[in-house]
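Okay, here's what each chain looks like letter by letter:
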Amino acid sequence: MCDDGSEDDLARLDPQARLLVEAARERPARSYVEMTPEEIREAYRQRFPLLQPAPPEMGRVVEVNVAGSTLPLAMRLYYPGGVKHGDLPWMLYLHGGGWVMGGLDSHDVLCRRIAAASGTVVAALDYRLAPEYPFPAALEDVRLAFSDIRSRALQFGLDPRRGAIGGDSAGGNLAAVLALEQRGLGTLGAVVLIYPNLDSAQEAASYDRVPRGSPLERQSMRMFQNHYLPPGIDRRDWRVSPLYAPSLAGLPPTLLITAGVDPLRDEGCAFAERLLAEGVAVTHAYFPGQIHGFANMGAKLAAADAANAMIALHLRIFAQHRPQ
């Protein structure tokens, strides 16, 4: 259950998250809203390594290009140590970054941590970014990558019947859309959504309840969405706002992680309530004192370890199921 929150209340923050927000207030950086897309990407490239722990060792890491793409479309497969090659469960993972920034390197540590803890092969996708490639380019890349993994599963040592989809923030948006599209096809066994963007209409009250200095605020979220969404698109179209899908029934077992001090909190909580009401097996892991992006900040926030453990448990339960 999500709490009511309060406006700009630093006291609501977990002590470790509060230190990060206070530091951002004391040493304000140039806002993403004031930057060009390339400046945003460069600022993010410089910042994210400071927040991440040491990467765990993998059994192996394989770089491939998605078959069938007209442009080079990279994918990185993380094989945990101690697993036999062949018939392995897998998850296509979609990184966050507002559809504008991020990539394989920004979420390398997170993908390694998930793979190492879960025993699941994680396939990270370097989907095309906006504004150079606006909607539906990223979604098209996700569809193609998912299909490619399934068609080449034996080559990759994977079980084509034991696929999952996951992502954080903007990547969680893409993961939710793909999960809705794949319903009833027997292609997906599990879903992992980490503080996903589910409502591009930005109507939730939580947009106005994050402290100044938080990693994500209303203006930056609006900027990201404006880069991603072409003019004139209906922002309640479920392909950009999964919260407005006519039905969520039939989705696979879903882990939904939300943060209490995050503009995307309310839409995540509303999605969790709908999943439960519509008969989906959902685990809603609510971190009341956490900020947007916390799962990828393991060097500074202990809550990232808890989130990773929940993701690993969800995937381990899914991996035990072997379709006939």
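Residues numbered from 1 in each chain as written. Predicted model: local features only at pLDDT ≥ 70, side-chain atom pairs only at ≥ 80, totals over all residues. Heavy atoms only, no water.

**Student:** It is not clear to me how the sheet that holds strand β7 (residues 254-261) should be interpreted in this structure. Could you clarify?
**Tutor:** The strands making up a sheet associate through backbone hydrogen bonding, with each pair oriented either parallel or antiparallel. Strand order across the open sheet formed by 8 strands is β1-β2-β4-β3-β5-β6-β7-β8, with mixed pairing between neighbours. Both outer strands of the open sheet, β1 (60-65) and β8 (282-291), are each paired with one neighbouring strand and no more. With direction set aside, neighbouring strand axes in the sheet form an average angle of 20°. Sitting on the sheet, helix α4 (residues 137-151) is in contact with β1, β2 (74-79), β3 (88-94), β4 (121-125) and β5 (158-168), with an inclination near 165° to β3. In the packing of helix α6 (residues 170-181) onto the sheet, contacts are made with β3, β5 and β6 (190-194), and the angle to β5 comes to roughly 140°. (Pairing = 2+ DSSP bridges. Helix = DSSP H or I, 4+ residues; strand = E, 2+ residues; numbered from the N terminus. Axes fitted to C-alpha atoms, helices over the stretch in contact; angles between N-to-C directions. Contact = heavy atoms within 4.5 Å.)

**Student:** Would you mind going over the environment of Y228 with me for this structure?
**Tutor:** Topologically, Y228 is positioned in helix α7 (residues 218-228). Since its relative accessible area comes to 1%, Y228 is described here as buried. Between the C-alpha atoms of Y228 and L255, which are 27 residues apart in sequence, the distance is 26 Å. Beyond its immediate chain neighbours, meaning those up to four positions away, Y228 contacts W99, A130, P134, F135, A138 and L174. (Buried < 20%, exposed > 50% of the residue type's maximum accessible area, 1.4 Å probe, protein only.)

**Student:** For this particular structure, what's the right way to read the pattern of salt bridges?
**Tutor:** Oppositely charged side chains can pair when the atoms bearing their charge come close. Within the structure shown, the criterion is met by 23 salt bridges. The partner of R45 in a salt bridge is E38, with the nearest N and O atoms 2.8 Å apart. The partly exposed category is assigned to R45, whose relative accessible area is 41%. A salt bridge links R76 to D108, with the shortest nitrogen-to-oxygen separation between them at 3.1 Å. Of this pair, R76 sits in strand β2 while D108 sits in helix α3 (residues 108-118); the two residues are 32 residues apart in sequence, bridging distant segments of the chain. For R76, a relative accessible area of 11% gives the class buried. (Salt bridge = Lys/Arg side-chain N within 4 Å of Asp/Glu carboxyl O.)

**Student:** What's the story with the state of the cysteines in this structure? I'm lost.
**Tutor:** Any covalent bond linking the sulfur atoms of two cysteines counts as a disulfide. Under the definition given, this model contains 1 disulfide. In this model, C2 is linked to C269 through a disulfide, with the two sulfur atoms separated by 1.6 Å. For the disulfide bridge between C2 and C269, the dihedral angle about the S-S bond is near -80°, and by the sign convention the bridge is left-handed. Taken together, the residues span a long stretch of sequence, with C2 in the segment before α1 (15-26) and C269 in helix α8 (residues 265-277) at a distance of 267 residues. The same class applies to C2 and to C269, which are both buried. (Disulfide = S-S within 2.5 Å.)

**Student:** Sorry if this is basic, but what is going on with the pairing of β7 here?
**Tutor:** Looking along a regular strand, one sees side chains alternate from face to face of the sheet. For β7, the buried fraction is high: 8 of the 8 residues fall into the buried class. The sheet contact formed by β7 and β8 spans 7 bridges and is parallel. Across the sheet, T254 pairs through a bridge with V282, a residue of β8. Chirality of the crossover, the property in question, places the unit of β7, α8 and β8 among those that are right-handed. (Right-handed = clockwise from strand over helix to strand, strands pointing away.)

**Student:** What is the right way to look at the environment of P230 in this model?
**Tutor:** Here P230 shows up in the loop between α7 and β7. C-alpha separation for the pair P230 and P136, spaced 94 residues apart in sequence, amounts to 9.1 Å. If we skip the residues at most four places from it in the chain, P230 touches P134 and F135.

**Student:** Explain the nonpolar core to me, please; I cannot follow it from the model alone.
**Tutor:** Among soluble globular proteins, nonpolar side chains are generally buried collectively. If you look at the biggest cluster of nonpolar residues, it comprises 66 residues, and the most contacted ones within it are M75, L92, L94, L125, L158, I165 and L174. It is α6 that contributes the most residues to this core, 8 residues altogether. Once residues lying within four places of it in the same chain are set aside, the contact partners of I165 are M91, L92, L94, A175, L178, A179, L188, A190, V191 and V192. Counting 37 residues, the second largest nonpolar core, distinct from the first, contains L10, I194, L301 and F318. (Core = buried A, V, L, I, M, F, W, Y, C linked by side-chain atoms within 4.5 Å.)

**Student:** What is the right way to read the packing of α3 against helix α9 (residues 303-319) from this model?
**Tutor:** Each pair of packed helices can be summarised by the angle the axes make with each other and by the distance between the axes. At their nearest, the axes of α3 and α9 sit 8 Å apart, and the two run at 50° to each other. Considered as vectors, α3 and α9 are oriented oblique to each other. Note on packing geometry: the crossing formed by α3 with α9 is right-handed. Where α3 approaches α9, its residues R113, I114, A117 and S118 are matched on the opposing element by A304, D305, N308, I311, A312, L315 and R316. Here the residues of the contact of α3 with α9 sort into 6 nonpolar, 2 polar and 3 charged. (Parallel < 35°, antiparallel > 145°, perpendicular 65-115°, else oblique. Left-handed = near helix turned anticlockwise from the far one by under 90°. Nonpolar A, V, L, I, M, F, W, Y, C, P; charged D, E, K, R; others polar.)

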